[in-house]
Structures are given as structure tokens and as C-alpha cells.
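In case you want the letters, here they are:
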Amino acid sequence: MNALLLTGGRIIDPANRLDAPADLLIIDGKISAVGKDATTQAPADAARLDAKGQIVCPGLIDLHVHLREPGQTAKENIATGTAAAARGGFTSIVCMPNTAPAIDSAGTVASIRDRAAQAGIVNVFVTGTITKNIAGEELAPIGSLKRAGVVAITDDGHCIQNNELMRRACEYARMFDLTVMDHCQDYSLVTDGVMHEGYWNTALGLRGWPSAGEEMIVARNILMAELTGARVHCQHLSAAGSVALIREAKKRGVPISGEACPHHFVLTDAAVAGSQKFWATDGKPLLEVLPRQATFPSWPNYDTNFKMNPPLRSAKDREAILEGLTDGTIEILCSDHAPHCDYEKEVEFDYAPFGITGLETELALSLMQLYHSKRLSLSDVIAKYTIAPARLLNLKKGTLGVGADADVTIFNPDAEWLFDVATNASKSKNSPFHNWTLKGRVTGTIVNGKKVFAEQPETVSV
Ligand SMILES: [Zn+2]
């Protein structure tokens, strides 16, 4: 028997409406007892982990991660991507299918699941594509993808433009009880835009990516969810109009949902003009939640680590995403972890690939903008990383209920630390948050009862 007792932590388990100081007992990879039972039932030889001063919660889930394996392993692979997840407090990640080859057949699903079982240190759930080779022309074999174990379908990175094809995808998804996750981008409106269409793209002379390019597809997806009854989930929301559309549709009971990534509710398009411009304008509200520091993080204008799809938007959009997270319109937080090699990002802004890493910084950034800013309770933030994504994708995860898999995250919401890409676990370094002092630090990650990451808590001198 393999027993581990976590003592003295504050257990927050939104799935069971629990928020109290308590012990947690893990036996043979499962949650065995919580609270007084845990203390009394722990075998004498159980290993002990002191969680005093820490939050103990269900293992975090990130439902939007690019692991780049197979085909693009210079950027990331399953071993490094899951190491970054563990360090960020994530015990389960959902990987996107835009690999090379794309995950559009049962054979590719099986090979990734095998590889993840060998090389991964956290749970990896696989998504399949909606269309063959993500070409947006012909449906992938959705039934056989489901039988091979995918938890959702998505053409992420791309967006189906043909509405009739999207309708049929939704009908199949409903038949096979799968969620359709969509990267919302209308190609005819966005064309070759590289940053948000607004003041800053004009000032910087960069081609614009208008908010309507996202909102148009969010509206389409609401109509599709209504027409077919399929669960449609809008990925990485960035625009105020998208939040308003989803808020209204949810009130009518449409099975639509959305997710937000920290970069969209921390940064704005002003960041593309460089750190001086950012801190003098849209960066100001962050001073309330950023730990006090001697010098603020600096970066040049046209820094490609601030280029992602959808792009950083205006301060008004950032506020709307925060409001959507606060009032429950947006139930899910995730990273859209998108690693790229240095040489790919070290080119002119126009030519750089879209995307940034995120697994190792997302919890702290979410805590800063949602919890430390007093918008949400700790339990509400944790729910968006645990039970909410688990429910959307029917994963048997996201809870510390007795009998559940012992996936546990331990963190200190008040600990301050410096994020340095030179020491991050991801293979790539394309983060806009390099050199930021963040608040909220993961100290332990446990997957199926096994410690996969442990940071010694800083010793406090008395
Ligand atoms: Zn995407």
C-alpha cells in the first residue's frame, strides 16, 4: 500500500463546495479520505507532506495546450510540455490536434496516447480534428476518433469557414456526445492581419485583425449550437463583443461556452508598442496587483512575444473579458500554450508565427487579475481550472471526492517569484512575461498519487 497524507493545508474543492483547513489522505493513487477521517485513517507508515500555509486543490486542468508532438518537436514535445504543465500546477492537459500529421485518424490518436503514457508526467487528453488535415473541406472520421479516445474535436489554429460543413460537424459531435471547440476567426474579415485593428496597429503600421473577425464566428457558433443542440465551445476569447454574445445566448439556454487566456486579460495591444508605452497607458491598472518591484519588466516595440492569435486587444476588451470571467459568462481558464523556437520568433513582426507559452505563468496571472484584484474568490478561480473544464469534456477529473484519482495541486497564492524563461521547463522561451515578478506560486503537483513536481517552500525566518 502506498499512502501519502497532506497535512495542515487549506483544502479548496469547488466540486464538493469545500473550503476549510483539513488533511487529505491518498492511498494507491486515489483520494481515500478528507478532513478528520484522513487524519485518523492514515496508516502509521504513510508518507507525510506538510501543506501548512498552502492551498490544496484538485489538480488543475488546461484544456488548450499545443504539445507539438508529432512533427514539431524542436518547439516542444510530450516530455517537456508535460514537465512545464507539472511546474505550472497542471495535472491534466488537453492537447490540440494541429500537429504534423494532424490528429485526424484513430491511428494518430492511439500513437499519441501511447507516447503520452510513456513520456508524459501528467495526464494527457487528446483532441481530434473536425476536418481532414484541418483543411476545412471534408469532415474527419468523427465516430472513429471518438472510439479512439478523443475528448473533443477542434480545428484549432484554423476555423471552418463553410457553415454547412460546420453544421454537419456539430450534428456528428452531438451524435457522439463530443464538444466542438472552435478557434473563432472569419478569414474574409481578418485576411492577413497581425495585431488588433485599432489605434496601435495604425500607429505602428501593422495590418489589423478586427474584433468583428472573432465576433462573427462566435455569433455563427451560437446559431449552430442552437440549431443542432451540440455543445460548442469558443476558444481563447479576446473581444468584448464575443463576451456579450455568449452572455446573452447562455441566458437563453444555448449550449455555448467560452474560455479565456491570461494574456488577453492582463495585456493589451499597447504592449506591441513596447513596455514604456504600455506602462504609461494600459499597464497602469496592473500596478494594483503586481508585486512591488524596483524596475518594471521592459521590452522593445514590435516584440514578437506579444504576437498571438487572436491578438491582444484594447483596454475595453480586456475589461470585458475580466467582467465575463467575474459574472460567470466565461467559465474556463486556460493557456493556449503555443511554443515556438527562438529563430522562428526572431524575425520581423509580420513574419513571426502567432503564439506564446503559458503553462508556467497562467495560474499566477489568473490569481493576480482575478483573486488579488478582489474580482473572484480563490474557490471561483480554482473552479475555472478544475470542475468547469472537467464537466465540459466529461473528464473524470477536477474533484477531491473520495475515490477520485489523486490529482492534487498545492500552491501559495501570496508567494512572489520571478519568471525567467532561461529556467522554464518548456523547450521554448516565447513568453511575454519573461522577467515579470508574479504573485502565486505552485509548490507541489501530484498526479495519480505521485509527486511530479515539488518546490521547497521558502523558509521564513522568525
Ligand atoms: Zn487557436
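Computed from a predicted structure; not experimentally measured.

Here we come to the coordination of the zinc ion. Here the zinc ion is held by Asp156 (OD), His183 (ND1) and His236 (NE2), and the distances to it run 2.0 to 2.3 Å. Between consecutive donor residues of the zinc ion, the sequence gaps follow D-x26-H-x52-H. A residue pair is termed long-range when its members are at least 10 positions apart, and His183 in the loop between strand E10 (179-182) and helix H6 (187-190) and His236 in the loop between strand E13 (232-234) and helix H9 (240-251) qualify at 53 residues. On the basis of relative accessibility, which here comes to 3%, the residue His183 falls in the buried class.

As a further point, take the packing of helix H2 (residues 78-87) against helix H3 (residues 106-119). Between H2 and H3, the shortest axis-to-axis distance is 9 Å and the interhelical angle comes to 60 degrees. What the angle tells us is that H2 and H3 run oblique. Read as a crossing pair, H2 and H3 show a hand that is right-handed. Facing Ile78, Ala79 and Thr82 of H2, the residues of H3 in contact are Ile112, Arg115, Ala116 and Ala119. Split by residue class, the contact of H2 with H3 holds 5 nonpolar, 1 polar and 1 charged.

Before going further, it helps to spend a moment on the pairing of strand E7 (residues 90-95). Counting buried residues along E7, 6 of its 6 residues qualify, which places the element largely inside the surrounding structure. Summarising the sheet, strand E6 (residues 60-65) and E7 pair through 4 bridges and their orientation is parallel. Residue pairing in the sheet places Val65 in a bridge with Cys95 of E7. In the classification by handedness, the crossover that spans E6, the intervening H2 and the parallel E7 is right-handed. Pairing of E7 with strand E8 (residues 123-126), which is carried by 4 bridges, proceeds in the parallel orientation.

This part takes up the nonpolar core. Core analysis: the largest hydrophobic core is formed by 105 residues, its most contacted members being Ile93, Phe265, Phe411 and Trp436. If near-sequence neighbours (up to four positions away) are discounted, Ile93 is found in contact with Asp62, Val65, Leu67, Thr82, Ala85, Val122, Asn123, Val124, Phe125 and Leu359. Counting residues in hydrophobic clusters, the runner-up holds 16 residues, among them Leu400, Ala404, Ala406 and Val408.

Pairing within the open sheet is parallel, and its 3 strands lie in the order E6-E7-E8. Only two strands of the sheet have a single partner each, and these edge strands are E6 and E8. Going from strand to strand, the sheet's axes swing by 20 degrees on average, the running direction of each strand aside.

Turning next to the sheet that holds E13. Consider a sheet: its strands pair through backbone hydrogen bonds, and that pairing is either parallel or antiparallel. If you walk across this open sheet you meet the 5 strands as E9-E10-E13-E14-E15, and the pairing is parallel. Every other strand in the sheet has two partners, leaving strand E9 (152-154) and strand E15 (332-333) as the edge strands with one partner each.

The next point concerns the packing of aromatic side chains. Counted according to the given criterion, the structure contains 11 aromatic pairs. Judged by centre distance (5.5 Å) and plane angle (75 degrees), the rings of Phe90 and Tyr385 are edge-to-face. Placement of the pair is Phe90 in strand E7 and Tyr385 in helix H15 (residues 378-385), with a sequence separation of 295 residues. Each member of the pair, Phe90 as well as Tyr385, carries the same accessibility label: buried. On the basis of an interplanar angle of 65 degrees and a centroid distance of 6.1 Å, the ring pair of Trp279 and Trp299 is categorised as edge-to-face. Highlighted residues: Trp279 in helix H11 (residues 275-280) and Trp299 in the loop between H11 and helix H12 (315-326), separated in sequence by 20 residues. An identical accessibility class is assigned to Trp279 and Trp299; each is buried. One aromatic cluster is present, formed by Phe278, Trp279, Phe296, Trp299, Phe306, Phe433 and Trp436 through successive ring pairs.

Calculation notes
- Residues numbered from 1 in each chain as written.
- Predicted model: local features only at pLDDT ≥ 70, side-chain atom pairs only at ≥ 80, totals over all residues.
- Heavy atoms only, no water.
- Donors = N, O, S within 2.8 Å, 3.2 Å for Na, K, Ca; no water.
- Helix = DSSP H or I, 4+ residues; strand = E, 2+ residues; numbered from the N terminus.
- Buried < 20%, exposed > 50% of the residue type's maximum accessible area, 1.4 Å probe, protein only.
- Axes fitted to C-alpha atoms, helices over the stretch in contact; angles between N-to-C directions.
- Parallel < 35°, antiparallel > 145°, perpendicular 65-115°, else oblique.
- Left-handed = near helix turned anticlockwise from the far one by under 90°.
- Contact = heavy atoms within 4.5 Å.
- Nonpolar A, V, L, I, M, F, W, Y, C, P; charged D, E, K, R; others polar.
- Pairing = 2+ DSSP bridges.
- Right-handed = clockwise from strand over helix to strand, strands pointing away.
- Core = buried A, V, L, I, M, F, W, Y, C linked by side-chain atoms within 4.5 Å.
- Phe/Tyr/Trp six-rings, centres within 6.5 Å; stacked < 30°, edge-to-face > 60°.

Take it as geometry only, folks, not as evidence of what the structure does.
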